[in-house]
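# Structural description and commentary
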Amino acid sequence: MKIQGNQFLSMERLQDQYLNAGRQQTETPGQSGASFQDILSGKTAGIRTEGEVKFSKHAANRLTDRNIELTTEQVKRLNMGAAKAGAKGINESLVIVDSLAFIVNVPNQTVITAMDQTETDENIFTNIDGAVII
């Protein structure tokens, strides 16, 4: 079979066209100007230290909605309360710090919800298996 006019591509051209078409030249880590230490620090910046609670999106919204601002001392005491609950084998704990109440999922070290004394009209807390008053 004789192909005239070179209307068909060679195998190499087909490979380049289809296999390399989606590839773009990306910058290698050595070309970015950032050192390995800078990249590592950036990746580990979001990691919590052991024994430090995090706030769920719901809890963060509750703090904002209820105009609750925690001091560093209160956060430290909240962390201490969660640690004490964990030492006693509590899974879902009520941690009371001053006039603030927090429901903490102890295994995940996550504050599920937060309220101050004005929101606890009936002083009834459900779905907990322990309480810590700090």
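Look up a bit, the structure's there.
Residues numbered from 1 in each chain as written. Predicted model: local features only at pLDDT ≥ 70, side-chain atom pairs only at ≥ 80, totals over all residues. Heavy atoms only, no water.

### Brief notes about the pairing of strand β2 (residues 92-97)
For the record, the criterion: The pairing criterion for strands is at least two bridges between them, as found by DSSP. The way it works is that DSSP assigns letters per residue, a run of H or I at least four long becomes a helix, a run of E at least two long becomes a strand, and they are numbered from the N terminus.
Two elements, β2 and strand β3 (residues 100-105), share six bridges in a ladder whose sense is antiparallel. The residue of β3 that forms the bridge with valine 97 is leucine 100. Hairpin connection between β2 and β3: a loop of two residues separates the two successive antiparallel strands, and aspartate 98 in this loop has a positive phi of roughly 55°.

### Brief notes about the pairing of strand β4 (residues 110-116)
Here is the rule we go by: Burial classes: relative accessible area under 20% of the type maximum marks a residue as buried, over 50% as exposed, and values in between as partly exposed (1.4 Å probe, protein chains only).
β4 sits mainly inside the fold: six of its seven residues count as buried. When strand β1 (residues 54-55) meets β4, the two strands line up parallel, connected through two bridges. The residue bridging lysine 54 from the neighbouring strand is threonine 110, located in β4. Pairing of β3 with β4 involves six bridges; the strand directions are antiparallel. Looking at the pairing, asparagine 105 lines up with threonine 110 of β4. Between β3 and β4, which pair antiparallel and follow one another directly, the connecting turn spans four residues, one of which, glutamine 109, has a positive phi of 55°.

### Describing the sheet that holds β1
Formally: Any two residues having at least one pair of non-hydrogen atoms within 4.5 Å are treated as being in contact. To define axes, lines are fitted to C-alpha atoms, for helices over the stretch in contact only, and angles between the resulting N-to-C directions are given on a 0 to 180 degree scale.
Spatially, the five strands line up as an open sheet ordered β1-β4-β3-β2-β5, and their pairing is mixed. Edge positions in the open sheet fall to β1 and β5 (130-133), since each of these has one partner strand only. Relative to the sheet, helix α4 (residues 72-87) contacts β1, β2, β3, β4 and β5, its axis offset from that of β2 by approximately 145°.

### Here's the deal with the nonpolar core
Spelled out, the test is: Nine residue types can take part in a nonpolar core, namely buried Ala, Val, Leu, Ile, Met, Phe, Trp, Tyr and Cys, and a core is a set of them joined through side-chain atoms within 4.5 Å.
Judged by nonpolar contacts, the single largest core of 17 residues is most densely connected at Val53, Leu78, Val95, Phe102, Val104 and Val111. Elements represented by at least two residues in this core include exactly α3 (57-65), α4, β2, β3 and β4.

### Focus: unusual backbone geometry
With phi around 55°, asparagine 67 is a residue other than glycine that occupies positive phi space. Inspection of the secondary structure puts asparagine 67 in the loop between α3 and α4. Judged by its relative accessible area of 69%, asparagine 67 falls in the exposed class. Here aspartate 98, not a glycine, exhibits a phi torsion of approximately 55°, which is positive. Turning to its location among the elements, aspartate 98 is positioned in the loop between β2 and β3.

### Let's talk about the pattern of salt bridges
The test is simple: For this analysis, a salt bridge means a side-chain nitrogen from Lys or Arg found within 4 Å of a carboxyl oxygen belonging to Asp or Glu.
All told, the structure shown has two salt bridges when counted by the stated rule. Residues arginine 62 and aspartate 65 are paired through a salt bridge, measuring 3.4 Å at the closest nitrogen-oxygen approach. Here aspartate 65 and arginine 62 lie together in helix α3, a separation of three residues that amounts to about one turn. Judged by its relative accessible area of 25%, arginine 62 is partly exposed. The exposure class of aspartate 65 is exposed, given its relative accessible area of 54%.

### A word on α4
What counts is decided by this rule: Expected span of a helix: the number of residues minus one, times 1.5 Å.
End to end, α4 covers 23 Å across 16 residues, agreeing with the expected 22 Å (1.5 Å per residue, within 8%). Every buried residue of α4 is listed here: Gln74, Arg77, Leu78, Asn79, Gly81, Ala82 and Ala85. Where α4 is buried, its residues touch β1, β2, β3, β4 and β5. Immediately downstream of α4, the backbone of glycine 89 shows phi near 85°, a positive value.

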